[in-house]
Amino acid sequence: MNPPHAVVEVEGLRKDYTGEPPIRALREVSFTIVSNDFVAVTGPSGSGKTTLLALLGLLDEPTAGEYRLDGQDVSGLNDRRRAAIRAHKVGFVFQAFHLIDYRTVLENVQLGLMYQGVRRPQRISRSLEVIDHVGLRHRAQAPCSTLSGGERQRVAIARVLVREPSLILCDEPTGNLDSSNTDQVLMLLDQLHSDGMTIVLITHDPAVAHRANRRFEMTDGRLSEPVRAGHD
C-alpha cells in the first residue's frame, strides 16, 4: 500500500443559499482526509451533511473557501471541469441505488467506464472482476429489477469501484436496507477500507458511523473536531 497522502483538503469552506432570509448551510468548515481514511459524518437533518457531500463530490461549488482534491484546487472550477474531474476521481453510493432496472448487473457496472472512454473488451473484463469482488459474479447477467436491496447496493458499489476513484462518498447507503443487508453492505465497506480505499460516509445511524475510523459531527453548518471511531 502506498504511503498516505491528502485526498481532501478543505479550508474555510462556506456555502450560502440565496433567499429571504439567506441560508448559510456551511460555516467555515476546515478538515483534511488522507488516503485510506474511513470518515463518518453524522448530525441531525438540516445540519449541512448533504451540502458538504455535494461540495466534496463537485456537484456544487462553495460560496467561499478552498477545496483541494488530490492536491488540485477544485473550488473555483466551472461546471464542465468539475464534471470531468468527478468522472475520474469521485464515486457516489446513494441510498436509492440509482440503477437501470431493466439492464443487467454487468451492464450497470460498465456504465461507470463508458464515461471514461474505456473500450468494450476492457469494460467487460474490469466489470466482471469488480462484480466478483462484491460477491455477485453469479448474478452478472441478471436484470437489476430481480435483485434484493442488498444486492442492488452492492451493484451500485461495484459501479463505483470499477472506475478506481480517489474518493468514495456514501450518502446513507444503508437507509433502505434491512438489518441483514445492512450488515452485508457495511462488511463490504470495511473490506474496501482494508483494500486502501478512501471513504466518506454520511449517516444518521450511530451503529453505521461506528464502522468508520474517524467521525465528525455536524451541527448548524459547523463541523466538530474528529473523534476516533471504529470497532471496539
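These numbers come from a predicted model, not from an experiment.

> Please explain unusual backbone geometry as it appears in this structure.
Most peptide bonds take the trans configuration, and most residues that are not glycine carry a negative phi. The phi torsion at Asn-36 lies on the positive side, around 65 degrees, for a residue other than glycine. Taking relative accessible area as the criterion, Asn-36 reaches 23% and is therefore assigned partly exposed. The backbone phi angle of Leu-58 is positive, close to 60 degrees, even though this residue is not glycine. Position of Leu-58 relative to the elements: it lies in the loop between helix H1 (49-56) and strand E4 (64-69).

> Please clarify how helix H3 (residues 105-114) should be interpreted in this entry.
Because each turn of an α-helix spans 3.6 residues, side chains separated by three or four positions in sequence point in the same direction. Counting buried positions over the 10 residues of H3 gives 7, a clear majority of the element. Those residues of H3 not exposed but buried are Val-105, Leu-106, Asn-108, Val-109, Gln-110, Gly-112 and Leu-113. Considering only its buried residues, H3 is in contact with helix H4 (120-133) and helix H5 (149-161).

> What exactly am I supposed to notice about the packing of aromatic side chains here?
For any pair of aromatic rings, the description rests on two quantities: the centre-to-centre distance and the angle between the ring planes. Under the definition given, this model contains 2 aromatic pairs. Consider the rings of Phe-31 and Phe-216, whose centres lie 5.6 Å apart with planes at 50 degrees: the pair is tilted. Here Phe-216 lies in strand E9 (residues 214-219) and Phe-31 lies in strand E2 (residues 23-34), a separation of 185 residues in the sequence. The two residues Phe-31 and Phe-216 agree in class, both being buried. Plain terms: the ring middles of Phe-92 and Phe-94 are 5.5 Å apart, the flat faces sit at 5 degrees to each other, and that makes the pair stacked.

> Help me out: how do you make sense of the pattern of salt bridges in this one?
Side-chain pairs of opposite charge can arise whenever the charged atoms involved come near each other. One pass over the structure, following the stated rule, counts 14 salt bridges. Lys-15 is paired through a salt bridge with Asp-60; the nearest N and O atoms lie 3.3 Å apart. Of this pair, Lys-15 sits in strand E1 (residues 6-17) while Asp-60 sits in the loop between H1 and E4, and the two are 45 residues apart along the sequence. The class for Lys-15 is buried, based on a relative accessible area of 9%. Given the relative accessible area of 22%, Asp-60 is considered partly exposed. Measuring nitrogen to oxygen at the nearest pair gives 2.8 Å for the salt bridge that ties Arg-24 to Asp-16. Judged by relative accessible area, Arg-24 falls into the partly exposed class, the value being 35%. Judged by relative accessible area, Asp-16 falls into the partly exposed class, the value being 22%. Through salt bridges with shared partners, a single network forms among Arg-14, Asp-16, Arg-24 and Glu-28.

> Explanation requested: the nonpolar core in the structure shown.
Across soluble globular proteins, you tend to see nonpolar side chains buried next to one another. Core analysis: the largest hydrophobic core is formed by 40 residues, its most contacted members being Val-155, Ile-157, Leu-161, Ile-168 and Leu-192. Take this core: its biggest share by element is 6 residues, from H5. Leave out the neighbours within four places in its chain, and Ile-157 touches Val-93, Val-185, Leu-188, Leu-189 and Leu-192. One finds Val-29, Leu-58, Tyr-67 and Phe-216 within the second-largest nonpolar core, a separate group that totals 29 residues.

The rules we used
- Residues numbered from 1 in each chain as written.
- Predicted model: local features only at pLDDT ≥ 70, side-chain atom pairs only at ≥ 80, totals over all residues.
- Heavy atoms only, no water.
- Buried < 20%, exposed > 50% of the residue type's maximum accessible area, 1.4 Å probe, protein only.
- Helix = DSSP H or I, 4+ residues; strand = E, 2+ residues; numbered from the N terminus.
- Contact = heavy atoms within 4.5 Å.
- Phe/Tyr/Trp six-rings, centres within 6.5 Å; stacked < 30°, edge-to-face > 60°.
- Salt bridge = Lys/Arg side-chain N within 4 Å of Asp/Glu carboxyl O.
- Core = buried A, V, L, I, M, F, W, Y, C linked by side-chain atoms within 4.5 Å.

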